[in-house]
Amino acid sequence: MALSFKDEVLLFFNSPDPRVATWPLMDSPMKTVALVIAYLIFVKILGPALMKNRKPFDLRLPMIVYNFSQVAVSSWIFLNLRLLGWFTKSVACEAIDFQQRDAVGMFIIIFC
């Protein structure tokens, strides 16, 4: 018997992945909402007020360094995902093994 949409939503929110239960911002969506609201206040109100009478910063060199580092990290992630077998497995849906804790895979999930 198929579940109703309400039952599917309740199942989704009441059965979290135990591998990420201790991660920050994963226990309640309110922390994420509060961070988004704080960000919007800073970007729309505080930031423009602080920079009202100042010259814009010259961020050309930091942006170049940042972009090259993003390319390097993205390449590293892609190569590790390839080594983990993400591009060799079936495209069909497979059951999730909640007990699996591959060190490289968890590192990529946590820090990237």
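Everything numeric here is computed off the predicted structure, so don't read it as measured data. (Residues numbered from 1 in each chain as written. Predicted model: local features only at pLDDT ≥ 70, side-chain atom pairs only at ≥ 80, totals over all residues. Heavy atoms only, no water.)

Participant: Is there a simple way to explain the UniProt feature "transmembrane region" (unreviewed entry) in the protein chain in this structure?
Facilitator: On the UniProt side, "transmembrane region" (unreviewed entry) is annotated at positions that read residues 32-51 and 63-81 here. As annotated, residues 32-51 comprises 95% helix and 0% strand, and the C-alpha atoms at either end are separated by 27 Å. Across residues 63-81 one finds 100% helix and 0% strand; the C-alpha atoms that close the span lie 26 Å apart. (UniProt positions renumbered as here; feature names shortened; annotations may be inferred. Helix = DSSP H or I, 4+ residues; strand = E, 2+ residues; numbered from the N terminus.)

Participant: Mind showing me how you'd approach the layout of surface pockets here?
Facilitator: Over the atoms rolls a probe the size of a water molecule, and its path tells where empty space is left. In this structure, the second largest pocket spans a volume of roughly 340 Å³. Lining the second largest pocket are 13 residues, with F12, F13, P16, D17 and M26 sitting closest to its centre. For the lining of the second largest pocket, the secondary-structure elements that each account for two or more residues are α1 (5-14) and α2 (29-50). Looking at side-chain class alone, the lining of the second largest pocket contains 8 nonpolar, 3 polar and 2 charged residues. (1 Å grid on protein atoms, 1.4 Å probe; cavity = no way out; pocket = protein on both sides within 12 Å on 5 of 7 lines; lining within 4 Å. Points joined across faces, edges and corners; volume = space filled by probe spheres on them. Nonpolar A, V, L, I, M, F, W, Y, C, P; charged D, E, K, R; others polar.)

Participant: Looking at this structure, how should I read unusual backbone geometry?
Facilitator: Where the residue is not glycine, phi is negative for most of them; where a peptide bond is considered, it is trans in most cases. In this model, L25 sits at a positive phi of 70°, which is unusual for a non-glycine residue. For L25, the position within the fold is in the loop between α1 and α2. For L25, a relative accessible area of 37% translates into the label partly exposed. (Buried < 20%, exposed > 50% of the residue type's maximum accessible area, 1.4 Å probe, protein only.)

Participant: Would you mind going over a nonpolar patch on the surface with me for this structure?
Facilitator: Residues M30, V33, V36, I37, Y39, L40, I41, F42, V43, I45, L46 and L50 make up a contiguous nonpolar surface patch of about 1100 Å² in total accessible area. Here M30 is to be found in helix α2. Judged by relative accessible area, M30 falls into the exposed class, the value being 56%. (Patch = residues over 30% accessible without salt bridge, like charges linked within 9 Å, V, L, I, M, F, W, Y side chains within 5 Å. Areas by Shrake-Rupley, 256 points an atom, 1.4 Å probe, with all protein chains shown as cover. Salt bridge = Lys/Arg side-chain N within 4 Å of Asp/Glu carboxyl O.)

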